[in-house]
Amino acid sequence: MAAAPVVVPRMKLGSQGLEVSAQGLGCMGMSANYGPPRPEPDMIALIRHAVAAGVTFLDTSDRYGPHTNEILIGRALQDGVREKVDLATKFGIFTAEDGTREVRGDPAYVRAACEGSLKRLGVDCIDLYYQHRIDTRVPIEVTISELKKLVEEGKIKYIGLSEACASTIRRAHAVHPITAVQLEWSLWSRDAEEDIIPTCRELGIGIVAYCPLGSGFFSSGAKLLDSLSEQDIRKSLPRFQPENLYKNAKVFERVNEMAKRKGCTPSQLALAWVHHQGRDVCPIPGTTKIENFNQNVGALSVKLTQDEMVELESYAAAGTVHGDRHFQMNITWKNSETPPLSSWKYDLDA
């Protein structure tokens, strides 16, 4: 007898009224960063399969492509799909014509980026609009003030931040309520637990966990690298470098052993660990294959005891994971403090 389909529950994300599926779908890899773009018809079919299955929280960014992932999502939202979806996109990583990149949070750019995303997505309003990375040249109050205007104009519903430090989150939240903070959180990426996650919980801000499967590591361990194309950015991740990868493989081996005892896959076990962090946490695993999507949804049925949680965490304890989680740690939350508002010379109300 076939297993019953998993019912994807709904959850409140933050304190301002946004409700989303308890697991989202990260769409980046469909168009960018993880090798060549996948065939558009296949990706539209995957997105619509996800929505039909109850995973209705879609995550994209104007950075992915750039722009091509938003265009893809916009096409997938046609034919009545938009009304079923909670749509999140991001701004803040600007790519110039010569290919150089910079992080921007100035008001003119915030507004232009939002208008561009609305057009590419083919929507009148974005449900959750994140600042993708923090512009350390612009006071966070300035960026959030412009986002607040976009809320008042009905172009976005809720404001989010990604890779922001605790003090930046507090300053932003004082200008306009922040609904969600997106951060990297998985068994082997836990640096946000000390300060950022407690700050979010104190302020009633939802937590969206990206790369909850360790950029795919917890699906197949060191073997993952064998299947990656030359254009895949994971080949540049510190943890996937030869000097680190085979040390980190021991982490996967232990997770895999526990998964066998639990009767699930290692990726389901790793994803279940994130789900068990709290009802305010929504992981957004990405995939380009329907069978992998179905497997990820199956993680919602994996139940862990407190002892099992502790055991899992011990596999990736400090000192057992080798290499930084990102190859650009300079633009993560560890370097996201912005200047004081007093340093800004322009009128916020202009």
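This structure is a prediction, so every number in the text was calculated from the model and none was measured.

> Would you take a moment to explain the pattern of salt bridges for this structure?
A pair can form between side chains of opposite charge whenever their charged atoms are brought close. One pass over the full model with this rule turns up 30 salt bridges. Among the ionic pairs, R325 bridges to D191, the shortest N-O distance being 3.0 Å. With a gap of 134 residues between them, R325 in the segment after α11 (306–315) and D191 in the loop between β10 (180–184) and α6 (196–203) connect regions that are remote in the sequence. The exposure class of D191 is partly exposed, given its relative accessible area of 22%. Residues participating in the shared-partner salt-bridge network are R111, E115, E146, K149, E153 and K155.

> For this particular structure, what's the right way to read the UniProt feature "domain: NADP-dependent oxidoreductase" (unreviewed entry) in the chain?
Residues annotated by UniProt as "domain: NADP-dependent oxidoreductase" (unreviewed entry) correspond here to residues 25–314. The span residues 25–314 is 42% helical and 15% strand by assignment, and the distance between its end C-alpha atoms comes to 28 Å.

> Help me out: how do you make sense of the packing of helix α2 (residues 68–76) against helix α3 (residues 107–121) in this one?
How two helices pack is summed up by the angle between their axes together with the distance between the axes. Packing of α2 against α3 brings their axes to within 7 Å, and their N-to-C directions diverge by 45°. Of the possible angle classes, the one that applies to α2 and α3 is oblique. For the pair α2 and α3, the contacting residues are E70, I71, I73 and G74 in the first and S117, R120 and L121 in the second. In the contact of α2 with α3, the residues fall into three nonpolar, two polar and two charged.

> I would appreciate a short explanation of the pairing of β10 in the present structure.
Along any regular strand the residues' side chains alternate between the sheet's two faces. Within β10, five of the five residues are buried, leaving the element largely enclosed by the surrounding structure. Of the two faces of β10, the one carrying A180, Q182 and E184 and the one carrying V181 and L183 are both buried. With respect to chirality, the unit in which strand β9 (residues 156–162) leads through helix α5 (residues 166–175) into the neighbouring parallel β10 is right-handed. Pairing geometry for β10 and strand β11 (residues 206–210), over five bridges, is parallel. Paired with L183 across the bridge in β11 is A209.

> Where do I start with the pairing of strand β5 (residues 86–91) in this structure?
Of all the six residues making up β5, six are buried; the element is thus mostly covered by neighbouring parts of the structure. Side chains of β5 alternate between two faces, with D86, A88 and K90 and L87, T89 and F91 buried alike. With three bridges connecting them, strand β4 (residues 57–59) and β5 associate as parallel partners. If you follow F57 over to β5, its bridge partner there is D86.

> What is the right way to look at the environment of V8 in this model?
Within the secondary structure, V8 sits in the segment before β1 (10–12). Here V8 falls in the buried class, since its relative accessible area comes to 11%. Excluding residues that lie within four positions of it along the chain, V8 makes contacts with S21, A22, Q23, A53, G54, V55, V297 and L300.

> I tried to follow the packing of aromatic side chains on my own but got confused; where do I start?
Both the distance between ring centres and the angle between the ring planes are used here to describe each pair of aromatic rings. Evaluated as defined, the whole model comprises nine aromatic pairs. Ring geometry for W188 against F217: centres 4.3 Å apart, planes inclined by 15°, an arrangement best described as stacked. Separated by 29 residues along the polypeptide, W188 in the loop between β10 and α6 and F217 in helix α7 (residues 217–220) bring together distant segments of the chain. With respect to class, W188 is no different from F217; both count as buried. Here W188 and F240 contribute two aromatic rings whose centre-to-centre distance is 6.1 Å and whose plane-to-plane angle is 45°, an arrangement assigned as tilted. Pair noted here: W188 is in the loop between β10 and α6 and F240 is in the loop between α7 and α8 (242–262), with a separation of 52 residues, a long-range link. You can call W188 buried: its relative accessible area is 6%. An aromatic cluster of at least three residues, connected via ring pairs, comprises W188, F217, F218, F240 and F252. For the cation-ring pair, R104 lies above F94, with the distance from its terminal atom to the ring centre recorded as 5.3 Å.

> Any chance you could explain the nonpolar core here in plain terms?
Here is a general trend for soluble globular proteins: nonpolar side chains tend to be buried in one another's company. Counting residues in hydrophobic clusters, the biggest one holds 89 residues, and the most contacted among them are L25, L147, L161 and L312. Top contributing element to this core by residue count: α8, with seven residues. In contact with L147, other than residues within four places in its own chain, are F91, V110, Y129, I156 and I159. L13, Y34, F57 and Y158 belong to the second largest nonpolar core, which has 20 residues in total.

What counts, and at which threshold
Residues numbered from 1 in each chain as written. Predicted model: local features only at pLDDT ≥ 70, side-chain atom pairs only at ≥ 80, totals over all residues. Heavy atoms only, no water. Salt bridge = Lys/Arg side-chain N within 4 Å of Asp/Glu carboxyl O. Helix = DSSP H or I, 4+ residues; strand = E, 2+ residues; numbered from the N terminus. Buried < 20%, exposed > 50% of the residue type's maximum accessible area, 1.4 Å probe, protein only. UniProt positions renumbered as here; feature names shortened; annotations may be inferred. Axes fitted to C-alpha atoms, helices over the stretch in contact; angles between N-to-C directions. Parallel < 35°, antiparallel > 145°, perpendicular 65-115°, else oblique. Contact = heavy atoms within 4.5 Å. Nonpolar A, V, L, I, M, F, W, Y, C, P; charged D, E, K, R; others polar. Right-handed = clockwise from strand over helix to strand, strands pointing away. Pairing = 2+ DSSP bridges. Phe/Tyr/Trp six-rings, centres within 6.5 Å; stacked < 30°, edge-to-face > 60°. Lys NZ or Arg CZ within 6 Å of the ring centre and 35° of its normal. Core = buried A, V, L, I, M, F, W, Y, C linked by side-chain atoms within 4.5 Å.

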